[in-house]
Amino acid sequence: MSVPDTALDAARAVRGGEEIDAGVLRAFLLERAPELLDQGSATVLAIEQFPSGHSNLTYLVRAGAREMVLRRPPFGSKVKSAHDMGREVRVLSGLSRVYPPAPRPLVHCEDADVLGAPFYLMDRIRGIVLRKKAPPGLPLSPALMRDLGESFVDNLVALHAVDPAAAGLADLGKPQGYVERQVSGWTKRWHDSKTEDVPHIDEIAAWLAARIPRDGGASGAVIIHNDYKYDNIVLDPGDPTRIIGVLDWEMATLGDPLMDLGTAISYWVEDGDAEALKAFGFGPTHLPGNPTRTEIVARYADRSGRVVGDMVFYFCFALFKTAVVAQQIYYRYQQGLTRDERFAAMIFGVRLLGQMAVDAAAAGSVAPRR
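The sections below set out a description of the structure shown in this document. (Residues numbered from 1 in each chain as written. Predicted model: local features only at pLDDT ≥ 70, side-chain atom pairs only at ≥ 80, totals over all residues. Heavy atoms only, no water.)

1. A look at the overall build of the chain
The helix and strand inventory of the chain stands at 11 helices and nine strands. A buried classification covers 52% of the 370 residues belonging to the chain. In the chain, once contacts between residues fewer than 6 apart in sequence are set aside, the share between residues at least 24 apart is 73%. When the accessible surface of the chain is summed, it comes to about 15500 Å², and 52% of that surface belongs to carbon and sulfur atoms. Computed over 41 positive and 46 negative side-chain charges, the separation of the two mean positions in the chain equals 1 Å. (Helix = DSSP H or I, 4+ residues; strand = E, 2+ residues; numbered from the N terminus. Buried < 20%, exposed > 50% of the residue type's maximum accessible area, 1.4 Å probe, protein only. Contact = heavy atoms within 4.5 Å. Areas by Shrake-Rupley, 256 points an atom, 1.4 Å probe, with all protein chains shown as cover. Lys, Arg positive; Asp, Glu negative; His and termini not counted. Charge placed at Lys NZ, Arg CZ, Asp CG, Glu CD.)

2. Quick word on the packing of helix H4 (residues 142-160) against helix H7 (residues 257-266)
For any two helices packed against each other, one specifies the crossing angle of their axes together with the interaxial distance. Interaxial distance between H4 and H7 falls to 11 Å at its minimum, and their mutual angle equals 160 degrees. Regarding the angle of H4 to H7, the classification is roughly antiparallel. Pair H4 / H7 crosses with right-handed handedness. Facing H4, whose interface residues are Phe152, Leu156, Leu159 and His160, H7 presents Pro257, Asp260, Leu261 and Ala264. (Axes fitted to C-alpha atoms, helices over the stretch in contact; angles between N-to-C directions. Parallel < 35°, antiparallel > 145°, perpendicular 65-115°, else oblique. Left-handed = near helix turned anticlockwise from the far one by under 90°.)

3. Describing the packing of helix H6 (residues 199-209) against helix H11 (residues 346-363)
Two elements in contact, H6 and H11, have axes separated by 8 Å at closest approach and are oriented at 40 degrees. The angle between H6 and H11 places the two elements in the oblique class. Judged by the sense of rotation from one axis to the other, the crossing of H6 with H11 is left-handed. Judged by residue contacts, His200, Ile201, Glu203, Ile204 and Trp207 of H6 engage Val350, Gly354, Gln355, Ala357, Val358 and Ala361 from H11. Looking at the contact of H6 with H11 residue by residue, the classes come out as seven nonpolar, three polar and one charged. (Nonpolar A, V, L, I, M, F, W, Y, C, P; charged D, E, K, R; others polar.)

4. Points about the packing of aromatic side chains
The full count for this structure, using the stated rule, is eight aromatic pairs. Look at Tyr99 and Trp249: their rings are 6.1 Å apart centre to centre, the planes differ by 80 degrees, and that puts the pair in the edge-to-face class. In this pair, Tyr99 is assigned in the loop between helix H2 (85-98) and strand E4 (105-109) and Trp249 in the loop between strand E8 (239-246) and strand E9 (253-255), connecting sequence segments 150 residues apart. Its relative accessible area of 1% is what places Trp249 among the buried residues. For the pair Tyr230 and Trp268, a centre-to-centre distance of 5.2 Å together with 50 degrees between the ring planes defines the contact as tilted. Here Trp268 lies in the loop between H7 and helix H8 (275-279) and Tyr230 lies in the loop between strand E6 (222-224) and strand E7 (233-236), a separation of 38 residues in the sequence. With relative accessibility at 1%, the residue Trp268 sits in the buried group. Taken together, Phe152, Tyr228, Tyr230 and Trp268 form an aromatic cluster joined through their ring pairs. (Phe/Tyr/Trp six-rings, centres within 6.5 Å; stacked < 30°, edge-to-face > 60°.)

5. Describing the pairing of strand E2 (residues 57-63)
With six of seven residues buried, E2 is to be regarded as a mostly interior element. In this structure, strand E1 (residues 45-49) lies alongside E2, joined through five bridges in antiparallel fashion. Bridge assignment links Ile47 to a residue of E2, and that residue is Val61. Examined bridge by bridge, E2 and strand E3 (residues 66-72) share seven bridges and lie antiparallel to one another. Paired with Leu57 across the bridge in E3 is Arg72. The hairpin turn running from E2 into E3, its antiparallel successor, is two residues long, and Gly64 in that turn takes a positive phi close to 65 degrees. (Pairing = 2+ DSSP bridges.)

6. Structural notes on the sheet that holds E3
If you walk across this open sheet you meet the five strands as E1-E2-E3-E5-E4, and the pairing is antiparallel. If you trace the sheet from one side to the other, it starts and ends with E1 and E4, each paired once. Across the sheet, the axes of successive neighbouring strands diverge by a mean angle of 25 degrees, strand direction being ignored. Pairing geometry for E4 and strand E5 (residues 119-123), over four bridges, is antiparallel. Each bridged residue has a counterpart across the sheet, and for Pro105 the counterpart in E5 is Met122. Helix-sheet contacts for H2 involve E3, E4 and E5, and the interaxial angle to E4 is about 160 degrees.

This is how it looks when you write it as structure tokens:
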């Protein structure tokens, strides 16, 4: 199956207030990485922006016939550790050698005086990215969604099978106590970015703190992506069930693989979920043919050979974490640190995710129904 170019993920005009100075970037590349300029000193850069995403800003840079992707932190972010460009480059430099879907970094700049913040450029992976609506020219049939759902799980299993030492990332994180640090850390981020009371968020934070797994996943630590979902993977235009890229590695670390699986299913909105949740979905996971969250967990257990046990804790934590991320984005919008009008509705997502987490905890299931 082949799809038209209209289905490929495309960049658009840069949002106001988030511009990149093409002349300054060109001068930097001439000095630091002239091999990236298609026509040498005569190359004129064209810069567009990928409009989706809610954290690090992502731009398409065309240097003649060459296409690259530039990543930089968002404007006005309070959480410096979440936007460490150097760490992200290190992860990709090691991982791209042993895990083909990871894009290869090309050049990194720590000097914030160049473009206003540290940044890096990496190879562009041209392909399809699934978001809420089907890309033009790509029919999302039940058969395609079923096959892609299975590939989605199998690719996560492949990532978790990577030897951290082989990627040069054996010291990327501290697996001992990882889960406990995540619960306490995201609870602190919630309080630091809170703009109004959301009782369900406070309730699930307390529920999680009382139920942290005994070893925190340290005994089976692997490289985890921490934001694995449809709009962070790139599909082959010739075979949309094949994953050729995985993007957005800013939260990757060594940790409990079930935290990664919990994150994946927390983004997986099903047909029976509330309509409001479908509106905040990160992909067409509710369409006919898609596996359910329960089926995803079962396939992961079968393909990885891991005992997944009770996934409710991991599912609820992931919902809580995503709610806090949404709250941080809403905080930046409320403070006038970003003018992106998409962020005005984030507070509704915070409430919805908090409600879903509380429902899942009460039901003891990754498929709670209201």
